[in-house]
Amino acid sequence: MALLLGQMPRGRMRVCFLAGCCGVLLWACVLQLLSLGRLWCCSWTPTGNSPAATLDPMSLFSGFGGSSSRLSDKENSDSWGHTSLPPPRMYKSNGYLRVSCNGGLNQMRSEICDMVAIARLLNLTLVVPELDKISFWADQSNFDDIFDVRYFIDSLRDEVRIIKRLPKRFNKLDSTTSSNSTSFNVLTMAPVSWSDEKYYLQQILPLFKKFKVIHFNKTDARLANNGINISLQKLRCRVNFYALKFTPAIKELGDKLVQAIRKSGSYVALHLRYEMDMLAFSGCNHGCSPKEAEELKRMRYAYPWWREKEIDSKAKRLQGLCPLTPEETSIILKAFGFDNSTQIYIAAGETYGGHERIKVLEEAFPYLLRKEMLVDKELFSKFQNHSSQMAAIDFMVSVASDVFIPTYDGNMAKVVEGYRRHQGYQKSILLDRRKLVELVDLYENKTLSWDEFAKAVQQAHQRSLGQPACRRMVPNKPKEEDYFYANPFECLSNVTGCGISS
């Protein structure tokens, strides 16, 4: 070898030496990048929450104790443990998915999470979701009026390619195109409700061979609660708890409200769903005058997508299918042990019947708070005619509360419950309305004494405070199952025996 080197011209020796050094340096760089890549992957592994303290259900009924839960920056931080943007995922897109969400803010929130998961499953390019503008609330807010759209796109770029709008060649797409019609290689349709991965892979993906764009014009409950691959379940959580970050304006106002309430101590967030739209939709009129009951009925018939049929309000109430009235809510709060010094924030819109209907609740709880009472009214001027933006503010205050109590298990109640579980199982009293209306009636007709009534109310809810639990699954009856976003146990800590597998 030495002989060969001795015979080699000095110039060629120099070139060989430099080439060898470059090779060694290159391999060192490759090894370093691989090491960093492993660290990167580890940093993006969902870790859930730190172990929550053991809940003592009865401590709730003796008033507020221990440290109060405050609005942390979790809602606007990367709970997956990374502070910079992930690298973009490189994949061949099978087409564009355009979605129109329907319903109120929290229903649309869950729909957005589902659509991201579906786009990931099918390797699609997702167009930033369009929000509902035609439902009862007639809110004209766009996605970027509520959520930080740039953060949404960037924070998920290692999973799904998301764009703000379709390419110009699809601009002639008519948003009013009827179901199953085609235009410019676009198919408009509503996917089957509660569908699993098999449906989307076998029924939806093949459609992209014919159509460049598929427009889902309804997205509520289009992905099953259960039987979904755990990686997709965790992606739904990641979108919900991390990527859907409120705009700075909404976050600033929500923080101000929480700070204003905290000046006087702990508080309960009461989602009092005794609102006109909910009563009309559900057909519940307990506590209403005959004139009000007729008004609610007319309203229900005015909206073709609501139930155009006779509803037995009394029977529905006894089945636990109606929102609690302010009068029922007042007596139940007292039974739980809350007294007249308790701060109660009303996280809801206008109570049906106005001040007269809510007066009994105000008399029992003088520190009854609403948004408009806590900060300068001018701060609300740009939000007041936008129900979804107001709902976002209520969402923030509810998540930050010491105790959250919904009087009806609608979408906000479920999504806030799930969010509070993710933040360490903060206390949420999940009311058993069927049991409660039975107990209220027994107390009001003097069959039960006050002490008996209060004891029965407390005992009925010892295991309904948002503790770690498995979702209830009902095969072939998805509407009767526990909702994924109320208890996404695949993404939570301290949940055992639920069949979680990675």
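### Thoughts on the overall build of the protein
Helix and strand counts for the protein come out as 19 helices and nine strands. Counting the 502 residues in the protein, one finds 50% classified as buried. Long-range pairs, those at least 24 residues apart, make up 78% of the contacts in the protein between residues at least 6 apart in sequence. For the protein, the accessible surface area stands at approximately 24700 Å², while carbon and sulfur atoms represent 54% of it.

### Digging into the sheet that holds strand β5 (residues 213–216)
On the basis of which strands lie adjacent, the open sheet formed by five strands has the order β3-β2-β1-β5-β4 and parallel pairing. Across the chains shown, the open sheet's two edge strands, defined by having one partner strand only, are β3 (161–163) and β4 (186–189). With direction set aside, neighbouring strand axes in the sheet form an average angle of 25°. Here strand β2 (residues 125–127) pairs with β3 via three bridges, running parallel. Bridging across to β3, Thr-125 finds its partner in Arg-161. Here helix α4 (residues 105–122) sits on the sheet in contact with β1 (96–99), β2 and β5, set at roughly 165° to β1.

### Quick notes on the state of the cysteines
In this structure the tally under the stated criterion is three disulfides. In this model, Cys-237 is linked to Cys-491 through a disulfide, with the two sulfur atoms separated by 1.9 Å. Its S-S torsion of about 85° marks the bond between Cys-237 and Cys-491 as right-handed, since a negative value means left-handed. Of this pair, Cys-237 sits in helix α8 (residues 230–243) while Cys-491 is found in the segment after α19 (450–460), placing the two residues 254 residues apart along the sequence. Neither residue differs from the other here; Cys-237 and Cys-491 are each classed as buried. Here Cys-470 connects covalently by a disulfide to Cys-498, the sulfurs 1.9 Å from one another. In this structure the cystine formed by Cys-470 and Cys-498 twists about its S-S bond by roughly -95°; its chirality is therefore left-handed. Placement of Cys-470 in the segment after α19 and of Cys-498 in the segment after α19 is noted, with a sequence separation of 28 residues between them. Of all cysteine sulfurs in the structure, the one in Cys-113 sits closest to Cys-101, which takes part in no disulfide; the separation is 9.8 Å. Look at Cys-101 and you get buried, because its relative accessible area is 4%.

### Comments concerning the pairing of strand β6 (residues 267–271)
β6 sits mainly inside the fold: five of its five residues count as buried. The alternating pattern of β6 places Tyr-267, Ala-269 and His-271 on one face and Val-268 and Leu-270 on the opposite face, and all of these are buried. Bridge count between β6 and strand β7 (residues 343–346): four bridges; the pairing is parallel. Bridging from a neighbouring strand, Val-268 pairs with Ile-344 of β7. Sheet topology note: the β6/strand β9 (residues 403–406) ladder contains four bridges and is parallel. Residue pairing for β9: His-271 is matched across the bridge by Pro-406.

### Points about the nonpolar core
Counting 79 residues, the largest nonpolar core has Ile-112, Phe-143, Phe-152, Ile-204, Phe-216 and Val-239 as its most contacted members. Per-element accounting of this core gives the leading share, ten residues, to α4. Dropping the residues within four chain positions of it, Phe-143 is found in contact with Ile-112, Val-128, Pro-129, Leu-131, Val-149, Phe-152 and Leu-244. With 40 residues, the next largest nonpolar core counts Leu-324, Ile-429, Leu-436 and Phe-453 among its residues.

Criteria and cut-off values
For every chain, the first residue of its written sequence is number 1, and the numbers climb from 1 along that sequence. With pLDDT at 70 or above as the cut-off, local features in this predicted model cover only qualifying residues; side-chain atom pairs require 80 or more to be listed or tallied, and sums for whole chains, interfaces and linings still use all residues. Note that the side-chain values use all heavy atoms of the structure and ignore hydrogens as well as water. Strands here mean DSSP runs of E at least two residues long; helices mean DSSP runs of H or I at least four residues long; both are numbered from the N terminus. Relative accessibility under 20% of the residue-type maximum defines a buried residue, over 50% an exposed one, and the middle range a partly exposed one, all with a 1.4 Å probe and only protein chains included. Contact between two residues is taken to exist if any of their heavy atoms lie within 4.5 Å; hydrogens are not considered. Here, Shrake-Rupley sampling with a 1.4 Å probe gives the accessible areas, and only protein chains in the shown set may cover a residue. Strand pairing is defined by DSSP finding a minimum of two bridges between the two strands. With axes taken as lines fitted to C-alpha atoms, and helix axes fitted only over the stretch in contact, angles between N-to-C directions fall between 0 and 180 degrees. When two cysteine sulfur atoms lie within 2.5 Å, the pair is treated as a disulfide. Buried Ala, Val, Leu, Ile, Met, Phe, Trp, Tyr and Cys residues that are joined via side-chain atoms within 4.5 Å together make up what is termed a nonpolar core.

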